[in-house]
Amino acid sequence: IMCMIAAIDCNSIGYGEDRCAVFARGSKVAHDCLPNTEFSINAQGECEYRAIRPIRQGEQVTISYLRDLYWMSTEERRLQLMRNWLFVCQCNRCRAPDWCRA
């Protein structure tokens with residue numbers, strides 16, 4: 001039961017005031033600190049994805065798991081990702097110099 005709860009906790013998407021859901025395809029979308037896609041939950045409770053920049057053929061579709069992504073330093077982003085999703089981000093932005101606090 002604990003493994004199931006942990007899997008739901010790491011793969012669910014929160015929306016509205018007090019709702020969350022695990023979407024069959026949505027839980028498979030990778031995180032990136034410079035995502036190429038954003039998502040929203042429509043009135044029917046369906047997850048919708050929209051490209052926010054051109055996606056090259058063969059490029060992985062990514063979203064940000066973080067809300068205030070663009071205002072956070074690499075250290076802050078990595079700390080929040082570790083606390084909530086149990087991984088250290090190795091995306092291009094996290095491996096580049098941190099200009100957020102320059």
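As the structure is a prediction and not an experimental result, all values here were calculated from the model. (Residues numbered from 1 in each chain as written. Predicted model: local features only at pLDDT ≥ 70, side-chain atom pairs only at ≥ 80, totals over all residues. Heavy atoms only, no water.)

Q: In this structure, what is going on with the pairing of strand 5 (residues 47-51)? I would like to understand it.
A: When a strand is regular, its side chains alternate between the sheet's two faces. Bridge count between strand 4 (residues 37-41) and strand 5: 5 bridges; the pairing is antiparallel. Bridge pairing links T37 to A51 in strand 5. Between the end of strand 4 and the start of strand 5, which pair antiparallel, lie 5 residues, with G45 showing a positive phi angle near 80°. (Pairing = 2+ DSSP bridges. Helix = DSSP H or I, 4+ residues; strand = E, 2+ residues; numbered from the N terminus.)

Q: Would you explain the pattern of salt bridges in this entry?
A: Once the charged atoms of two side chains with opposite charge are near each other, the side chains can pair. By the definition in use, this model includes 3 salt bridges. Put simply, R50 and E48 hold a salt bridge, and the shortest N to O gap is 3.2 Å. Take E48: its relative accessible area is 30%, and that puts it in the partly exposed class. With a shortest N-O distance of 3.2 Å, R53 and E59 are connected by a salt bridge. The network of salt bridges with shared partners includes R53, R56 and E59. (Salt bridge = Lys/Arg side-chain N within 4 Å of Asp/Glu carboxyl O. Buried < 20%, exposed > 50% of the residue type's maximum accessible area, 1.4 Å probe, protein only.)

Q: Would you take a moment to explain helix 2 (residues 74-85) for this structure?
A: At 3.6 residues per turn, the α-helix brings residues three or four places apart onto the same side. Along its 12 residues, helix 2 runs 16 Å from first to last C-alpha, staying within 8% of the 16 Å computed at 1.5 Å per residue. Among all positions in helix 2, only T74, R77 and L81 are buried. Summarising the axial view, the buried residues of helix 2 lie within an arc of 65°, below the 170-degree limit, and thus occupy one face. Among the exposed residues of helix 2, those pointing more than 90 degrees away from its buried face are E75 and R83. (Expected span 1.5 Å × (residues − 1). Arc of directions from axis to C-beta.)

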